[in-house]
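A structural walkthrough
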Amino acid sequence: MRRSPGPDERQRDAERTKQQLLDAAVTEFGAHGFSGARVSAIADRAGVNKQLISYYFGGKEGLYQAVADRWRAGEPTLTENAGTLGEVVGAYARATMEQPDLLRLLVREGIDRDGGGDEEAQYQRFQGMLADFARRKSEGELPDNVDPAYAALALFGISAAPVVFPQIARALGLDPDSPDFPSQYADQAAVLVSELRSRP
């Protein structure tokens, strides 16, 4: 006779199901935006009943928020070993190429402006980034005549470029699908940004 799963097993199953839904949601939201994504498609992609989206996340909005929360929770670890601004940009570049659907989700959010994101949390996140850039400028990592906000926006674009513009990478003779490309691009981005340092 088959025994009933214990509390620990049920908890592990629940966590596994949540992660499957979050992974599927990143792909679906990245492809179709918040408004265009369908909960049934997310559930099908995850291989679970769509009612579990409401059960675990309270619906589509809650699932979208959980995706953003998971990214924010893991974001500090991206740059924990990055000392210089170049290394920070390189770390973000590597992360976007390893998780392209997350970047596509962010791009869709900007294009659609459909209210799927948490604008206050995003504002706080990037204000923290701006403060870090301002500190780095004061320490000579950016030239005196460079505004930290403009620099942050431009460098975010550098980290995102291979995912957003793979066709341009190919036209330049690069292969964004190569297994070696993410580390090579991240290293080159880090070198490029390191050259922005103020000159004595």
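Keep in mind that what you see is a predicted model, and the values were worked out from it rather than measured.

About the criteria used
- Residues numbered from 1 in each chain as written.
- Predicted model: local features only at pLDDT ≥ 70, side-chain atom pairs only at ≥ 80, totals over all residues.
- Heavy atoms only, no water.
- Axes fitted to C-alpha atoms, helices over the stretch in contact; angles between N-to-C directions.
- Helix = DSSP H or I, 4+ residues; strand = E, 2+ residues; numbered from the N terminus.
- Parallel < 35°, antiparallel > 145°, perpendicular 65-115°, else oblique.
- Left-handed = near helix turned anticlockwise from the far one by under 90°.
- Contact = heavy atoms within 4.5 Å.
- Nonpolar A, V, L, I, M, F, W, Y, C, P; charged D, E, K, R; others polar.
- Salt bridge = Lys/Arg side-chain N within 4 Å of Asp/Glu carboxyl O.
- Buried < 20%, exposed > 50% of the residue type's maximum accessible area, 1.4 Å probe, protein only.
- Patch = residues over 30% accessible without salt bridge, like charges linked within 9 Å, V, L, I, M, F, W, Y side chains within 5 Å.
- Areas by Shrake-Rupley, 256 points an atom, 1.4 Å probe, with all protein chains shown as cover.
- Core = buried A, V, L, I, M, F, W, Y, C linked by side-chain atoms within 4.5 Å.
- pLDDT = per-residue confidence, 0-100.

**What to know about the packing of helix H4 (residues 60–78) against helix H5 (residues 85–98)**
Running from N to C, H4 and H5 cross one another at 135 degrees; their axes reach a closest spacing of 10 Å. By the angle between their axes, H4 is oblique relative to H5. Crossing geometry of H4 relative to H5 is assigned as right-handed. Contacts between H4 and H5 involve Trp71, Glu75 and Leu78 from the first element and Ala91, Tyr92 and Ala95 from the second. Looking at the contact of H4 with H5, its residues break down into 5 nonpolar, no polar and 1 charged.

**So, the pattern of salt bridges**
In total, this model carries 13 salt bridges according to the counting rule given. For Arg16, the salt bridge is made with Asp13, and the minimal N-O distance between the two is 2.3 Å. Of this pair, Arg16 and Asp13 both sit in helix H1 (residues 7–36), 3 residues apart, which is roughly one turn of that helix. Classification of Asp13 by relative accessible area gives partly exposed; the value is 36%. Between Asp23 and Arg70 there is a salt bridge; the shortest N-O distance is 2.9 Å. Here Arg70 lies in helix H4 and Asp23 lies in helix H1, a separation of 47 residues in the sequence. The exposure class assigned to Asp23 is partly exposed, which follows from its relative accessible area of 43%. A single salt-bridge network, built from bridges that share partners, covers Asp132, Arg135, Arg136, Glu139 and Glu141.

**Let's talk about a nonpolar patch on the surface**
Nonpolar side chains collect at one region of the surface, where Val107, Ile111, Val164, Phe165, Ile168, Leu172 and Leu174 lie side by side and expose about 630 Å² of accessible area between them. Topologically, Val164 is positioned in helix H8 (residues 148–164). Looking at Val164, the relative accessible area reads 33%, which means it is partly exposed.

**Considering the nonpolar core**
In globular proteins that are soluble, nonpolar side chains generally tend to be buried together. Within the largest apolar cluster, 21 residues are counted, with the highest numbers of intra-cluster contacts made by Leu85, Met97, Phe133, Leu155 and Tyr185. Among the secondary structure elements, those contributing two or more residues to this core are H5, helix H7 (119–138), H8 and helix H10 (181–194). Ranked by residues supplied to this core, first place goes to H5 with 6 residues. Contact partners of Leu155, with chain neighbours within four places excluded, come to Leu85, Val89, Phe133, Val193 and Leu196. With 20 residues, the next largest nonpolar core counts Val26, Ala46, Val67 and Leu105 among its residues.

**Some details on the environment of Ala186**
With respect to the helices and strands, Ala186 occurs in helix H10. We classify Ala186 as buried; its relative accessible area is 1%. Counting along the chain gives 98 residues from Ala186 to Val88, while the straight-line C-alpha distance between them is 9.6 Å. Contacts of Ala186, omitting those with residues within four sequence positions, involve Gly90, Ala93, Arg94 and Met97.

**Section: the confidence of the model for the protein**
When pLDDT is averaged along the protein, the result is 87, and 90% of the positions lie at 70 or above. Ranking the elements of the protein by mean pLDDT puts H1 last, at 84, and helix H9 (residues 166–171) first, at 97.

**Some remarks on the side chain of Ser159**
Residue position: Ser159 is located in helix H8. Those residues in contact with Ser159 that sit more than four places away from it in its chain are Val89, Tyr92, Ala93 and Thr96.

**Details of the packing of H5 against H10**
Orientation of H5 relative to H10, taken along the N-to-C sense of each, is 155 degrees, at an axis distance of 7 Å. Regarding the angle of H5 to H10, the classification is roughly antiparallel. The hand of the H5/H10 crossing is right-handed. Taken together, the residues of H10 that come into contact with H5 (itself represented by Leu85, Gly86, Glu87, Val89, Gly90, Ala93, Arg94 and Met97) are Phe181, Pro182, Ser183, Tyr185, Ala186, Asp187, Ala189, Ala190, Val193 and Ser194.

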